[in-house]
Amino acid sequence: MADVTVLGAGIGGLALACALSQCGLSVRVIEQAPELAEVGAGIQISRNGVRVLQALGVPLPAPVQSHGTELRDWARGRLVLTVPPPAAGPTWYVHRADLLAALRSRAAARGVVLELGRRAVAVEGNRIDFADGASETVDVLIGADGVHGVTRPFVNGPSQARFTRQVAWRALVPARGEPAVAQLWMGPGRHMVLYPLRSGRLLNIVAVEERRDWTDDSWRQAGDPTDMRARFAGFGGAARAALERVDAAHLWALHLHPVADRWHRGSVALLGDAAHPTLPFLAQGACLALEDAWVLAACLARGQGLDRYEALRKPRAQAVVAAAGRNAWRFHLRTPLRQVAQLALRSGLVPPPDFGWVHDYDATAAVPSSP
Ligand SMILES: Cc1cc2nc3c(=O)[nH]c(=O)nc-3n(C[C@H](O)[C@H](O)[C@H](O)COP(=O)(O)OP(=O)(O)OC[C@H]3O[C@@H](n4cnc5c(N)ncnc54)[C@H](O)[C@@H]3O)c2cc1C
């Protein structure tokens, strides 16, 4: 089997490196950042993602086990509904930097070569051109280079990621004994999610607002905590108390491509956000990337090829991405529709959407890894 080169050392790229090396394939990872560092932020890993991490022997670092999701109204925090943990198994809250470090350490233990500080500027066939003027031709190339990556244009033709008119603020603050649940505070055109991290010592805040005015070229930047508080000023109770504690924040202008039409061209393929960026409103982007990683490595190891990978993964990614998009509408309802919807949920007239099919999925059973 040819050597595999992975472009991008995010959660998807590193998980793929672990999976490929576990299958006995030779792999190296090329990353533009000079150091592997993540911004301070949390991530939820549900059962479908945990299954892959377990199969790869990657422990969840300092995890907090979720006891469910509380849906709350924004202004006073009135509880609308408590959604119990998925029947498939618990969701865990972890710090992104810790998860990345755990994946990196597993990959290193398996002999994966990681080349940092190498920014690719173009992929043309099996040739990668780098920012420093170097070029390399590789056997098999997997683009795990995210929503703004350079592999997707080669596989699917040039296209610009579209601004979704949603901006996500992220911050970490010291915890004050908050419960081990995801609190989802729903307001008009905006929502906030709070959950504990690092064995309950930190509280993760994600605050999303609809916004038309993003003009900055950069899609990720440092944010002003005072501005953040002003934009979410209508939130009360524990949400407001959490905002008061923010002293550093980051903003993401959420950009999307549609799920890629083609997932591979020749021996160049896409994985994770490079193939199917998603709104984060179902907490599934990284979990999908973990599933991709397992299935892609298993397909290559079994000689089933990239067609099989695409056939197994594309319908699943399309369904999950669509479900996450529908949540954007649900979370941001305006008055009076919001009150009507909350009343229907509270009274049991309308059940909350059932995402069991998302969490039940077992990528490791879809394609066992050993040939
Ligand atoms: C606010 C928010 C909250 C989220 N919460 C969750 C959650 O709770 N659960 C969940 O499962 N998902 C969540 N997600 C989604 C998740 O973060 C992403 O789907 C996931 O990180 C994608 O991983 P990836 O490896 O495919 O891409 P990325 O994480 O984008 O990694 C791509 C890597 O490629 C590198 N790269 C890019 N271009 C080049 C180049 N030209 N040359 C070399 N290297 C390059 C980048 O530096 C980066 O390291 C959330 C996303 C957001 C924005």
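Residues numbered from 1 in each chain as written. Predicted model: local features only at pLDDT ≥ 70, side-chain atom pairs only at ≥ 80, totals over all residues.

**Quick notes on the nonpolar core**
The criterion, for reference: Remark: nonpolar core denotes a set of buried Ala, Val, Leu, Ile, Met, Phe, Trp, Tyr and Cys residues whose joining runs through C-beta atoms within 7 Å. Think of it as a crowd count around each C-beta: if 20 or more other C-beta atoms lie within 10 Å the residue is buried, if 12 or fewer it is exposed, and in between it is partly exposed, with C-beta placed from the backbone throughout. Counting from the N terminus, the helices are the DSSP runs of H or I reaching at least four residues and the strands are the DSSP runs of E reaching at least two. It is the C-beta atoms, placed from the backbone, that decide contacts: two residues are in contact if theirs lie within 7 Å.
Of all hydrophobic cores here, the largest spans 118 residues; its most connected members are Ala15, Leu16, Ile142, Leu271, Ala293, Leu296 and Ala297. Ranked by residues supplied to this core, first place goes to helix H7 (residues 285-301) with 14 residues. Contact partners of Leu16, with chain neighbours within four places excluded, come to Val6, Ile142, Ala144, Leu271, Ala293, Leu296 and Ala297.

**Side note on the packing of H7 against helix H8 (residues 305-331)**
Rule in force here: Only the stretch in contact is used when fitting a helix axis, every axis being a line fitted to C-alpha atoms; angles between N-to-C directions are given from 0 to 180 degrees. Under this scheme an angle from 65 to 115 degrees is roughly perpendicular, one under 35 degrees roughly parallel, and one over 145 degrees roughly antiparallel; angles in between are oblique. Rotating anticlockwise by less than a right angle from the far helix to the near helix defines a left-handed crossing, while the corresponding clockwise rotation defines a right-handed one. Each residue gets one label: Ala, Val, Leu, Ile, Met, Phe, Trp, Tyr, Cys and Pro are nonpolar, Asp, Glu, Lys and Arg are charged, and the others, such as Gly, are polar.
One can describe the packing of H7 onto H8 by two numbers: an axis separation of 9 Å at closest approach and a directional angle of 165°. Classified by the interaxial angle, the pair formed by H7 and H8 is roughly antiparallel. In the crossing of H7 with H8, the sense of the turn from one axis to the other is right-handed. Of the residues in H8, those touching H7 at Leu288, Asp292, Val295, Leu296 and Cys299 are Gly305, Arg308, Tyr309, Leu312, Arg313, Ala317 and Val320. In terms of residue class, the contact of H7 with H8 is built from 8 nonpolar, 1 polar and 3 charged.

**Section: the site of the ligand**
Our working definition: Each residue receives a C-beta atom built from its backbone; the residue is near a molecule or strand if that atom lies within 6 Å of it.
In the neighbourhood of the ligand, 33 residues make up the surrounding shell, with Gly8, Gly10, Gly146, Gly272 and Gly285 lying closest. Of all elements in the fold, only helix H1 (11-22), strand E3 (42-45), strand E13 (162-174) and H7 reach the threshold of two or more residues within the shell around the ligand. Grouping the constituent residues of the shell around the ligand by class yields 17 nonpolar, 11 polar and 5 charged.

**Comments concerning the environment of Trp185**
With respect to the helices and strands, the residue Trp185 is situated in strand E14 (residues 182-187). On the basis of neighbour count, Trp185 is assigned to the buried category, with 27 C-beta atoms found within 10 Å. Considering only alpha carbons, one finds Trp185 and Phe331, 146 residues apart in sequence, at a separation of 8.3 Å. Not counting residues up to four positions away in its chain, the partners in contact with Trp185 are Arg72, Trp74, Gly77, His191, Met192, Phe235 and Ala239.

**Quick notes on H1**
Under the convention used in this document: By this rule, a helix spans an expected 1.5 Å times one less than how many residues it contains.
Here H1 spans 16 Å end to end across 12 residues, near enough to the 16 Å set by a 1.5 Å rise per residue. A large share of H1 lies buried, amounting to 12 of its 12 residues. Residues of H1 that are buried include every one of Ile11, Gly12, Gly13, Leu14, Ala15, Leu16, Ala17, Cys18, Ala19, Leu20, Ser21 and Gln22, and no others. Just downstream of H1 lies Gly24, where phi reads positive at about 85°.

**Overview of the sheet that holds E3**
Quick note on the threshold: DSSP calls a pair of strands paired once it identifies at least 2 bridges connecting them.
Within the open sheet, the 3 strands sit side by side as E3-E7-E4. Their pairing is antiparallel. Both edges of this open sheet fall to E3 and strand E4 (64-65), since each of them pairs with a single strand only. Bridge count between E4 and strand E7 (residues 92-95): 2 bridges; the pairing is antiparallel. When the bridges of E7 are listed, Val64 appears paired with Tyr93. The sheet contacts of helix H3 (residues 96-109) involve E3 and E7, and relative to E7 the element is tilted by about 85°.

**What about the pairing of strand E6 (residues 79-83)?**
Regular strands show a simple pattern: their side chains alternate between the two faces of the sheet. Summarising the sheet, strand E5 (residues 69-73) and E6 pair through 4 bridges and their orientation is antiparallel. Bridge pairing in E6 places Thr69 opposite Val83. Linking two consecutive strands that pair antiparallel, namely E5 and E6, is a turn of 5 residues; a positive phi of about 80° is found at Gly77 within it.

**Examining the environment of Ala122**
As for its position among the elements, Ala122 is in strand E9 (residues 120-124). Given 14 C-beta atoms within a 10 Å radius, Ala122 is considered partly exposed. Along the sequence, Ala122 and Pro225 sit 103 residues apart, while their C-alpha atoms lie 37 Å from each other. Residues contacting Ala122, with those up to four places away along its chain left out, are Asp129 and Val150.

**Notes on unusual backbone geometry**
Between Thr335 and Pro336 the backbone carries a cis peptide bond, its omega angle lying at 0°. Take Pro336: it is sitting in the loop between H8 and helix H9 (337-347). Phi is positive for Ala62, close to 40°, though the residue is something other than glycine. Given 18 C-beta atoms within 10 Å, Ala62 falls into the partly exposed group. Of note in this structure, Arg198 is not a glycine but carries a positive phi near 45°. Here Arg198 is to be found in the loop between strand E15 (190-197) and strand E16 (202-210). Given 19 C-beta atoms within 10 Å, Arg198 falls into the partly exposed group.

**Quick look at the sheet that holds E5**
Spatial strand order, E6-E5-E14-E15-E16-E13-E18-E17: 8 strands in an open sheet with mixed pairing. On the outer flanks of this sheet lie E6 and strand E17 (220-223), each paired with one strand and no other. Across this sheet, the average inter-strand angle for adjacent strands is 20°, counted without regard to direction. One ladder, built from 6 bridges, connects E13 with strand E18 (residues 249-256); its direction is antiparallel. Paired with Ala168 across the strands is Trp252, a residue of E18. Where helix H6 (residues 237-244) meets the sheet, it contacts E13, E14, E15 and E16, and its direction lies at approximately 75° from that of E15.

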